[in-house]
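Here is how the chains run, residue by residue.
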Protein chains: 2
Amino acid sequence: MTHDVIIIGGGPAGLAAAIYAGRAKLDGFVLEKMSPGGQVLITDRVENYPGFPEGLTGFELVEKFSAHAQKFGMKIENGEVASIEPVGDLLNISLTDQRTITTRSIIVATGATHRKLGVKGEDEFIGRGVSYCATCDGPFFRDQVVAVVGGGDSAVQEAIFLTRFAKKVYLIHRRDELRAIKVLADRAKENDKIEFVWDSVVEEIEGDDQVRSLKILNRKTGETSTLKVDGVFIFIGIVPVTDFVKGLVETDEMGFIKTDQWMRTSVKGVYAAGDCRQKPLLQIVTAVAEGATAAYAVEHDLA
Amino acid sequence: MTHDVIIIGGGPAGLAAAIYAGRAKLDGFVLEKMSPGGQVLITDRVENYPGFPEGLTGFELVEKFSAHAQKFGMKIENGEVASIEPVGDLLNISLTDQRTITTRSIIVATGATHRKLGVKGEDEFIGRGVSYCATCDGPFFRDQVVAVVGGGDSAVQEAIFLTRFAKKVYLIHRRDELRAIKVLADRAKENDKIEFVWDSVVEEIEGDDQVRSLKILNRKTGETSTLKVDGVFIFIGIVPVTDFVKGLVETDEMGFIKTDQWMRTSVKGVYAAGDCRQKPLLQIVTAVAEGATAAYAVEHDLA
C-alpha cells in the first residue's frame, strides 16, 4: 500500500501537519519513536502559544494537538526511521524494526535535541546530577544547590523554574549579559535565589557517585575556580534530529534541513517543518505554522 | 512619548505580535480602525487552528487572542492610519483623526479585504443582494436562491454554509474544477442544494430594488444566459490593505508587502505580518506565526 504522506515526528510541527493533512483527507499517519510531544513535553508552562491566555503545560497543549489530528482521522503510530530512499516517484521509509513503508511524500518533523557541553564528566554523570530537562529533574533537587549553564531563553526560564525547588541556582554564562528576552532576564535578576556567574564556562563536571562540583574558567580573567553544586542543568542550544536524512536532503553545516517557503527540501516529495528545519525563530507557533504549510504543499503537489 | 512598537491591525497577526511584544515588555499598543478580529470575524467556524480540536467561531478565537495580548499588558486602541513617515531613526504615524504617534518600530498587520468582480451592478446592489460575507448576510436569504462566485476554499466553504439558509446555491466558477482543498470540494459535491455552474463568469448583476438575476457567460461555449437569484456572494480572492504604505515599503504588483524571513520590510523599523504580506499560504496559523516572528524581530533589532 502506498500512502500519500508520512509525517515523521509527533511534536507540534508534525501534529499540525497531521491536522492539515487529515482535514485535506490525505492518506497517511504520524510516525513517532517515543510518545507525541517532542521538546514541548519538557516545557513546564507554555504561555505564548496564541489562543491560550492563561497558559497551559506543554503536555496539555500536545494533548490538544493530538486530539485535533485524530479528529481529522490521522493516527499516530510507533516507529523509528532508519533511512529514506527515493524509488522512482515514491519514497521508501525503512524503520529500525525492519518494517518498510512506501509513500508519495514525507514531512520530516523530527525536531531537535539538547546540545552537550562536551566536557569531562558530562556523559558520566547523566542521571546522577547532569540534566537537560528542569521539568523532569528539578524536583529531585529540593533544597539543594544547582547550576544552570547558558544565557538564552531556555536557560533563563529553566533557572527561574528551578528556584521552586533548589535553595540556590547559579546561572553560568559565557558572556556578561543574557541573550534571553527582557521579560525573562528581568525575572531572573529579580529572583534572590539566582546568582549569576558571568564570563564563565564549565571545564569539567566532578563528583563521586553523583555530581559534587564544577570546574569553572572565567574567560576574562583566565582564573579557574571550583563551584560546589549538587546538580547541573545544561541549556546551551539544540542540535537537529536529522542524522537519518544526512546525505539525502540538503542541510546546513549544523544539520538543519534547508527548505523553500513551502517547506520543500532538495528532494522531491520530502518536506521539513519545525525545529529540524533551518529557520530564524524556534517557537511552538512557528513550528505549527510550518507543519500546516508543509501539509498544504503536499496536498498541492500531489494534485 | 516615543513607543517601542505600534502594531497596525488587530487581526490574528496583529494580536499575536501583541502577545509576543507584550510578553517581551515592549512599550506600545495595537491600533485597530474597527474592532479586533479582521477577516476571521466573518469566518463561521475555524476548524484548523491547531489546539482547538472541536473548532470554534472566528469571534471566539479572536476573543482568546485579544485576552492573551491584554494579559501581557498590550492595549488595543481605536484609530485609522493615514500615513507613516520615517524621521531619522524614528517613525511618525499620522492618524485620520489628526493624531500623531512617534515610535521606534511598526508592525503592519492590516490584512486584506475581498476582491471585487468589477462588473455592472456590483457596487449598486451592495447590501441589496450583493455580499462578500456569508456569515454576515446568509441568514437574510432563508428559502431563497443565491449564487456564490469563486472556486477556492473560501467560495466553497461559504457555499456550503449558505445551504443552511438558502433553498438553492449556484456555485459559479470560471474553470471546470474547484481550486478548493479536497475535503471542502467533496462536501460541496455531496450537497444536494449546491449546483455547479462551470466555466462561467458573471458579466452583470441585474435587479430593481434588489438583485433579481445574473448575466452569465459560459467561457467555453461563448453562450450568455440569465440566472435568477435573490443574492450573490463574491469570493474571488483578496487585496491587501496596504494603500497607506504605498511608496514607502516595497510591495509586489498586487500590493502585498515584501519582507525577509524576520518580517522586516524594505524600511528600517517597519515590519509586516499576516495577509498583507507577500507569502504562500494565507491561514490563521501562518498569520499568527508571522506576527510572533515580527515582534521577536522588533525586540531583537531594538536591543
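Residues numbered from 1 in each chain as written. Chains lettered and ligands numbered in written order. Predicted model: local features only at pLDDT ≥ 70, side-chain atom pairs only at ≥ 80, totals over all residues. Heavy atoms only, no water.

(A) A look at the relation of the copies chain A and chain B. Superposing chain A onto chain B takes a rotation of 180° plus a shift of 0.0 Å along the axis, which leaves an RMSD of 0.0 Å. Expressed as an axis order, the relation between the two copies is that of a two-fold axis. Within chain A, Ala289 of chain A has its C-alpha nearest the rotation axis, a separation of 3.1 Å. Take the interface residues of chain A: 100% of them recur as interface residues in chain B, which is what a same-surface contact looks like. (Least-squares fit on C-alpha atoms with pLDDT ≥ 70 in both. Contact = heavy atoms within 4.5 Å.)

(B) Here's a closer look at the confidence of the model for chain A. Looking at chain A as a whole, its pLDDT mean stands at 94, while 99% of the residues score no less than 70. Scored as a complex, the prediction yields pTM 0.84 and ipTM 0.81. (pLDDT = per-residue confidence, 0-100.)

(C) Summary view of the sheet that holds strand 15 (residues 231-234) of chain A. Residues and elements named next belong to chain A. Reading across the sheet, the five strands line up as 8-15-9-10-11 and stay open at both edges, with parallel pairing between neighbours. The two strands at the open ends of the sheet, each matched to only one other strand, are strand 8 (130-131) and strand 11 (194-197). For strand 9 (residues 145-149) and strand 15, the ladder comprises four bridges, and the chain directions are parallel. Within strand 15, the position partnered with Val149 by the bridge is Ile234. (Pairing = 2+ DSSP bridges. Helix = DSSP H or I, 4+ residues; strand = E, 2+ residues; numbered from the N terminus.)

(D) Molecular detail of the pattern of salt bridges. On inspection of all chains with the given rule, the structure shows 38 salt bridges over all chains. For the salt bridge of Asp186 of chain B with Lys182 of chain B, the shortest nitrogen-to-oxygen distance reads 2.9 Å. With Asp186 of chain B and Lys182 of chain B both in helix 5 (residues 182-190), this residue pair falls four residues apart, about one helical turn. Look at Lys182 of chain B and you get partly exposed, because its relative accessible area is 45%. Through salt bridges with shared partners, a single ionic network connects Arg23 of chain A together with Glu47 and Arg187 of chain B. (Salt bridge = Lys/Arg side-chain N within 4 Å of Asp/Glu carboxyl O. Buried < 20%, exposed > 50% of the residue type's maximum accessible area, 1.4 Å probe, protein only.)

(E) Main features of unusual backbone geometry. A positive phi angle is found at Asp199 of chain A, which is not glycine, with a value near 55°. With a phi angle near 75°, Met263 of chain B is a residue other than glycine that sits in the positive phi range. Mapping Met263 of chain B onto the fold places it in the loop between strand 16 (238-240) and strand 17 (270-272). Using a relative accessible area of 6% as the deciding quantity, one classes Met263 of chain B as buried.

(F) Geometry of the pairing of strand 10 (residues 168-172) of chain B. Residue and element names in this part refer to chain B. Taken across its five residues, strand 10 has four buried, putting it largely inside the fold. Two strands pair when backbone bridges link them, and strand 9 (residues 145-149) and strand 10 are joined in this way by five bridges, in the parallel orientation. Looking at strand 10, one finds that Val146 is bridged to Val169. Taken together, strand 9, helix 4 (residues 153-162) and strand 10 constitute a β-α-β crossover, and its handedness is right-handed. Taken together, strand 10, helix 5 and strand 11 (residues 194-197) constitute a β-α-β crossover, and its handedness is right-handed. (Right-handed = clockwise from strand over helix to strand, strands pointing away.)

(G) Inspection of the interface of chain A and chain B at higher detail. Taken together, the contact pairs 40 residues of chain A with 40 residues of chain B. Both faces considered, chain A and chain B share a buried interface measuring about 3900 Å² in area, 62% of it formed by carbon and sulfur atoms. Counting across the chain A and chain B interface gives two salt bridges. The residue Glu47 of chain B makes a salt bridge to Arg23 of chain A at a minimum N-O spacing of 2.7 Å. Taken together, chain A and chain B are joined by 20 residue pairs in polar contact (both at pLDDT 80 or more). Counting residues per element, the ones that place at least two in the side of chain A that touches chain B are helix 1 (12-23), helix 2 (58-71), helix 4 (153-162), helix 5 (182-189) and helix 6 (284-302) of chain A. (Buried area = accessible area lost by both parts, 1.4 Å probe. Polar contact = N/O pair within 3.5 Å; in protein donor to acceptor, adjacent residues only side chain to side chain.)

(H) Summary view of the nonpolar core. Of all hydrophobic cores here, the largest spans 132 residues; its most connected members are Tyr49, Ile107 and Val148 of chain A together with Ile7, Tyr49, Ile107 and Val148 of chain B. Once you skip the residues sitting within four places of it in the chain, Tyr49 of chain A turns out to touch Leu61, Phe65, Ile284, Val285 and Val288 of chain A together with Tyr49, Pro50 and His68 of chain B. (Core = buried A, V, L, I, M, F, W, Y, C linked by side-chain atoms within 4.5 Å.)

(I) Inspection of the sheet that holds strand 12 (residues 200-207) of chain A at higher detail. Residues and elements named next belong to chain A. Taken in spatial order, the three strands line up as 12-13-14 in an open sheet, and their pairing is antiparallel. Each edge of the open sheet is held by one strand with a lone partner, namely strand 12 and strand 14 (224-228). Mean inter-strand twist for the sheet, computed between neighbouring axes without regard to direction, equals 30°. Pairing between strand 12 and strand 13 (residues 211-218): seven bridges, direction antiparallel. (Axes fitted to C-alpha atoms, helices over the stretch in contact; angles between N-to-C directions.)

(J) Here's a closer look at the domain arrangement of chain A. Residue and element names in this part refer to chain A. Taken domain by domain, chain A consists of domain 1 (2-114 + 238-302) and domain 2 (130-234). A C-alpha centroid distance of 32 Å is found between domain 1 and domain 2. Contacts between domain 1 and domain 2 engage six residues on the former and nine residues on the latter. Where domain 1 meets domain 2, there are one salt bridge. Taking the shortest distance from any N to any O, the salt bridge between Glu47 and Arg187 comes out at 3.2 Å. On the surface where domain 1 and domain 2 come into contact, there are one residue pair in polar contact (both at pLDDT 80 or more). Looking at the side of domain 1 that touches domain 2 residue by residue, the class counts come to one nonpolar, two polar and three charged. (Domains from an automatic or database assignment. Nonpolar A, V, L, I, M, F, W, Y, C, P; charged D, E, K, R; others polar.)

(K) Geometry of the packing of aromatic side chains. Per the stated rule, a full pass over the model turns up 14 aromatic pairs over all chains. Ring centres of Phe52 of chain A and Phe52 of chain B lie 4.8 Å apart, and the angle between their planes is 0°; on these two criteria the pair is classed as stacked. Linking Phe52 of chain A in the loop between strand 2 (28-32) and helix 2 with Phe52 of chain B in the loop between strand 2 (28-32) and helix 2 (58-71), this pair reaches from one chain into another. Judged by centre distance (6.1 Å) and plane angle (25°), the rings of Tyr49 of chain B and Phe52 of chain B are stacked. Pairwise contacts between aromatic rings join Tyr49, Phe52 and Phe65 of chain A together with Tyr49, Phe52 and Phe65 of chain B into one cluster. Just above the ring of Phe72 of chain A sits the side chain of Lys71 of chain A; from NZ or CZ to the centre is 5.6 Å. (Phe/Tyr/Trp six-rings, centres within 6.5 Å; stacked < 30°, edge-to-face > 60°. Lys NZ or Arg CZ within 6 Å of the ring centre and 35° of its normal.)

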